[in-house]
Every structure is written in structure tokens, then in C-alpha cells.
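Chains, contacts and geometry: an overview
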Amino acid sequence: MKIECPCCQSDLIDTKNYGKKTGGAVGAVAGAAAGAAGASTGAEIGATAGMIAGPVGIAIGGITGAILGGLLGGAAGCATGSAVGEVIDENILDNYYCRTCGHSFSCKRNQ
Ligand SMILES: [Zn+2]
């Protein structure tokens, strides 16, 4: 889709994506925090599974479960935050910037 500046009809348009970037970062932090909460559950599951292999298995299983819980939470949160941020970019912020005249404007997709 070709986007033109509403002021000067230039097609040298940049997207700012502030919301997407911010949302992704915030989502990653929030997701990691939620993942950390889930990490203790992951650690328990890992430790339980590791019991089969004895004390060493419990330790390794617990650590692996905790790390996986944190990582998965962070990745999921980042994806969710980016998606939310994109919606904010599209609907609330002036996400487009004209490099010819410096005008910022919003332009909904599929128009
Ligand atoms: Zn312009």
C-alpha cells in the first residue's frame, strides 16, 4: 500500500512505531515478571520430573524449569506488547512522518 503525505503528497514516509517499540519493551518486562512468577511453578515441575534422576536431577530440573518459565513469559509478553503497541500506533498516535515536509499524521490501514 502506498502512503502519501496529506500535506504535500510526498511518498517519502517514515513510520515511527513508538507504540510498537514501547509496547514490546514493556510487554517483555511484564511478561518476564509473569514468567518469573511462573518460573517457580516451572521449577517445581522440573524438580518433580528431575526426582527420577535423583538429587542432581532435582537441581537441574528445577533450574531448567525456572529459566524456561522466565524466557517463555518474556517472549510471550514481548509479542503481546508489540501487538498492543501496534494498535496504539495505528489508532492513537500519528505514526507516519513525512520526510519531505516534516508533517506527522495518522493513516489507518486498509483504507
Ligand atoms: Zn509532506
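Residues numbered from 1 in each chain as written. Predicted model: local features only at pLDDT ≥ 70, side-chain atom pairs only at ≥ 80, totals over all residues. Heavy atoms only, no water.

As a further point, take the sheet that holds strand E2 (residues 96-98). Strand order in this open sheet of three strands is E1-E2-E3, and the pairing throughout is antiparallel. Only two strands of the sheet have a single partner each, and these edge strands are strand E1 (13-15) and strand E3 (104-105). Sheet topology note: the E2/E3 ladder contains two bridges and is antiparallel. Bridging from a neighbouring strand, Tyr97 pairs with Ser104 of E3. (Pairing = 2+ DSSP bridges. Helix = DSSP H or I, 4+ residues; strand = E, 2+ residues; numbered from the N terminus.)

Next up on the list: the coordination of the zinc ion. By definition of the ideal shapes, a tetrahedral metal site with four donors has angles of 109.5 degrees and an octahedral site with six donors has angles of 90 or 180 degrees. With distances of 2.3 to 2.4 Å, the protein atoms coordinating the zinc ion are Cys5 (SG), Cys8 (SG), Cys98 (SG) and Cys101 (SG). For the zinc ion, the four donor atoms are set out with angles of 105 to 116 degrees between them, so the coordination reads as tetrahedral. Ordering the donors of the zinc ion by residue number gives the pattern C-x2-C-x89-C-x2-C. Of this pair, Cys5 sits in the segment before E1 while Cys101 sits in the loop between E2 and E3, and the two are 96 residues apart along the sequence. (Donors = N, O, S within 2.8 Å, 3.2 Å for Na, K, Ca; no water. Tetrahedral: all angles 85-135°; square planar, octahedral: opposite > 155°, others 65-115°.)

Our focus in this paragraph is the confidence of the model for the protein. On average, residues of the protein score 84 in pLDDT, and 95% of them reach the 70 mark or higher. Per-residue pLDDT, averaged within each element of the protein, yields its smallest value for helix H1 (residues 18-50) (82) and its largest for E2 (92). (pLDDT = per-residue confidence, 0-100.)

Moving on, we come to unusual backbone geometry. Non-glycine residue Gln9 carries a positive phi angle of around 60 degrees. Examined against the element boundaries, Gln9 turns out to sit in the segment before E1.

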